[in-house]
Amino acid sequence: MTLKSSLLVILGVLFLLTGCCKFSIPGSQLFNQKSSRPAPLKALKPVTTSINATSAWQVSTGSAMGENKVHPYIDSQSVYVAGGSSASSWQKSSGKQQWKAAIGETVSAGVNGSYLPRANNGSTTSNAQQVFIGTISGNAIALDAKTGKVQWIERLSSEVLSVSPSLNNRVVFRTIDGKLHGLAANTGELIWQRSQATPALSQLGASVPVIASNLVIAGFDNGKVAAYNLQNGQGVWQVPLALPRGNTELEQMIDVD
């Protein structure tokens, strides 16, 4: 039997097998092109814009460290920002500067203020009395929201990564060593302190602690989310979102950020 005849016999056997068997033989898709073709893609619907966004104003607010997460804080009348070694307030409607305060050290966290409920249209319903920031050297600072004057400074255990809103005379600062510090908003007095174990390797930064009713909820570098009583720091619950896996510290990172 010639080579050409042998190939024809093999192809004929494969053709018969693909017709009578329910399972697929390697290479059989060559004989059944219809079934292997993907379904045709549906045409995309055109996207129409319903809102045209435009810039109302733009101002320069100063320098900031790229690795720090410093956010603006906004109430019904003002926008409060911080960057580098200063904080400032700007009129929400026009962008006109209302005050600028020299902090004297690098701001690493904030800005936050009073816990403001939202109206049905999403806008804030009241104005802040205080705004809070934290610094790279571990200072918690409260400023008067109207003037920018420093009301108090409290030294904490390490660099401040984030600041909660204030509610019922409490504001919570999160520091790089895995600690939460509950302070009296009117005086800066340290009322309570709680901590979680911090692994050797984690991301730089921390999400802002969330105020919910009389609880403060925060995520930690060990993969846990925990809730504490806002007034006295008593633990309410904690949940592990992830467990460390892998052989190296990098593989085992489970930082909740």
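This is a predicted model, so every value here is computed, not measured.

Engineer: Could you clarify how one ought to interpret the sheet that holds strand 1 (residues 73-74) in this entry?
Structural biologist: Two strands in a sheet stick together by hydrogen bonds in their backbones, pointing the same way (parallel) or opposite ways (antiparallel). Here we have four strands laid out as an open sheet, ordered 1-2-3-4, and antiparallel in their pairing. The two strands at the open ends of the sheet, each matched to only one other strand, are strand 1 and strand 4 (97-102). Of the strand pairs in this sheet, strand 3 (residues 86-91) and strand 4 are connected by five bridges, and their pairing is antiparallel. For Trp90, the partnering residue across the bridge sits in strand 4 and is Gln97.

Engineer: Quick question: what am I supposed to make of a nonpolar patch on the surface here?
Structural biologist: Where nonpolar side chains cluster on the molecular surface, the patch consists of Val236, Trp237, Val239 and Leu241 and spans about 370 Å² of accessible area. On the accessibility criterion, Trp237 (37% relative accessible area) is partly exposed.

Engineer: Is there a simple way to explain the nonpolar core in this structure?
Structural biologist: For soluble globular proteins, nonpolar side chains are generally found buried alongside one another. In this structure, Tyr80, Trp99, Ile103, Val111, Val131, Ile133 and Leu143 are the most contacted members of the largest nonpolar core, which totals 15 residues. Counting only elements with at least two residues in this core, the list comes to strand 2 (78-83), strand 4, strand 5 (107-113), strand 6 (130-135) and strand 7 (139-144). Formed by 12 residues, the second largest nonpolar core is a distinct cluster that contains Ala109, Phe132, Ala140 and Ala142.

Engineer: Even after reading the chapter, I still don't get the environment of Leu230, so can you show me in this structure?
Structural biologist: Inspection of the secondary structure puts Leu230 in the loop between strand 15 (224-229) and strand 16 (235-240). With relative accessibility at 0%, the residue Leu230 sits in the buried group. C-alpha of Leu230 to C-alpha of Asn214: the two residues are 16 residues apart in sequence and 5.4 Å apart in space. In this view, Leu230 contacts Leu167, Arg170, Val172, Trp192, Ile211, Asn214, Leu215 and Val216; residues no more than four positions away in its chain are not counted.

Definitions and limits used
Residues numbered from 1 in each chain as written. Predicted model: local features only at pLDDT ≥ 70, side-chain atom pairs only at ≥ 80, totals over all residues. Heavy atoms only, no water. Pairing = 2+ DSSP bridges. Helix = DSSP H or I, 4+ residues; strand = E, 2+ residues; numbered from the N terminus. Patch = residues over 30% accessible without salt bridge, like charges linked within 9 Å, V, L, I, M, F, W, Y side chains within 5 Å. Areas by Shrake-Rupley, 256 points an atom, 1.4 Å probe, with all protein chains shown as cover. Salt bridge = Lys/Arg side-chain N within 4 Å of Asp/Glu carboxyl O. Buried < 20%, exposed > 50% of the residue type's maximum accessible area, 1.4 Å probe, protein only. Core = buried A, V, L, I, M, F, W, Y, C linked by side-chain atoms within 4.5 Å. Contact = heavy atoms within 4.5 Å.

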